[in-house]
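# Topology and contacts: notes
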Amino acid sequence: MKNNGFTFRKRLASFRYAFNGIRLLIQKEHNAWIHCFAAICVVIAGFFFGLSQTEWIAVVIVIGAVLSAEAINSSIESLADLVSPEYNEIIKKTKDLAAGAVLIMAIAAAIVGSIIFFPKLGF
């Protein structure tokens, strides 16, 4: 790929593309809707329970990580479907691995949430 150097116009365009990717994730990807709903619930609970700065940092990091993993998974699935619209065992493996990465991150986020919120609920 040819590099024509740095320009502010190209940097602004790259941000537009990135924000469009976030818009597509939220508008088109059903699993992202679930993650966004969970994130909203956690943020509301965080305000209700008065999370500390450190707890907010952990919450923000895991929300960002889960949504990022979902975006990467969705992009892999879209590209795989374009490359191989018919069933392909290697494509299936690739898509399953990407989905597994999202699940691992979601489980980690749930553990972080449990560590933060269970004590506040008296557990």
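Residues numbered from 1 in each chain as written. Predicted model: local features only at pLDDT ≥ 70, side-chain atom pairs only at ≥ 80, totals over all residues. Heavy atoms only, no water.

## Here we look at the UniProt feature "binding site: a divalent metal cation" (unreviewed entry) in the protein chain
The residues that UniProt annotates with the feature "binding site: a divalent metal cation" (unreviewed entry) are Glu29 and Glu77. These annotated residues cover 49 residues of sequence, and their C-alpha atoms all fall within 11.0 Å of one another, placing them together at a single site. Take Glu29: it is sitting in the loop between helix 1 (8-28) and helix 2 (30-49). Classification of Glu29 as partly exposed rests on a relative accessible area of 25%. Those residues within four positions of Glu29 in sequence are excluded, and the remaining contacts are Leu24 and Ser74. Taking relative accessible area as the criterion, Glu77 reaches 26% and is therefore assigned partly exposed. (UniProt positions renumbered as here; feature names shortened; annotations may be inferred. Helix = DSSP H or I, 4+ residues; strand = E, 2+ residues; numbered from the N terminus. Buried < 20%, exposed > 50% of the residue type's maximum accessible area, 1.4 Å probe, protein only. Contact = heavy atoms within 4.5 Å.)

## Digging into helix 4 (residues 89-117)
For helix 4, built from 29 residues, the straight-helix expectation of 42 Å at 1.5 Å per residue is met to within 8% by its first-to-last C-alpha distance of 41 Å. All buried positions along helix 4 are accounted for by Ile91, Ala98, Val102, Ala109, Gly113, Ile116 and Phe117. Summarising the contacts, the buried residues of helix 4 are in contact with helix 2 and helix 3 (53-83). The distance from a side-chain oxygen at the start of helix 4 to the backbone nitrogen of Ile90 is 2.8 Å, and the residue carrying that oxygen is Asn88. (Expected span 1.5 Å × (residues − 1). Polar contact = N/O pair within 3.5 Å; in protein donor to acceptor, adjacent residues only side chain to side chain.)

## Some points on the side chain of Glu70
On the secondary structure map, Glu70 appears in helix 3. The side chain of Glu70 is buried and forms no salt bridge, while Lys95, the nearest opposite charge, is found at 12 Å. In this structure, Glu70 is in contact with Leu25, Asn31, Ala32, His35 and Val102, ignoring residues within four places of it in sequence. (Lys, Arg positive; Asp, Glu negative; His and termini not counted. Salt bridge = Lys/Arg side-chain N within 4 Å of Asp/Glu carboxyl O.)

## Considering the UniProt feature "transmembrane region" (unreviewed entry) in the protein chain
Sequence positions flagged by UniProt for "transmembrane region" (unreviewed entry) are, in local numbering, residues 32-50, 56-76 and 97-118. In residues 97-118, the share of helix is 95% and the share of strand is 0%. The end C-alpha atoms are 31 Å apart.

## Quick look at the pattern of salt bridges
All told, the structure shown has 3 salt bridges when counted by the stated rule. Of the charged contacts, one joins Glu55 and Lys120 as a salt bridge, the two residues approaching to 3.3 Å between their closest N and O atoms. Placement of Glu55 in helix 3 and of Lys120 in the segment after helix 4 is noted, with a sequence separation of 65 residues between them. Classification of Lys120 as partly exposed rests on a relative accessible area of 30%. As a salt-bridge pair, Lys95 and Asp81 come within 2.7 Å of each other at their nearest N and O atoms. Within this pair, whereas Lys95 is found in helix 4, its partner Asp81 is found in helix 3, the two being separated by 14 residues in sequence. The class for Lys95 is partly exposed, based on a relative accessible area of 21%.

## Describing the packing of helix 1 against helix 2
One can describe the packing of helix 1 onto helix 2 by two numbers: an axis separation of 6 Å at closest approach and a directional angle of 95°. As summarised for this structure, helix 1 and helix 2 are arranged roughly perpendicular, according to the angle between their axes. Taking contact as the criterion, the partners of Leu25, Ile26, Gln27 and Lys28 in helix 1 are, on helix 2, His30, Ala32, Trp33 and Cys36. (Axes fitted to C-alpha atoms, helices over the stretch in contact; angles between N-to-C directions. Parallel < 35°, antiparallel > 145°, perpendicular 65-115°, else oblique.)

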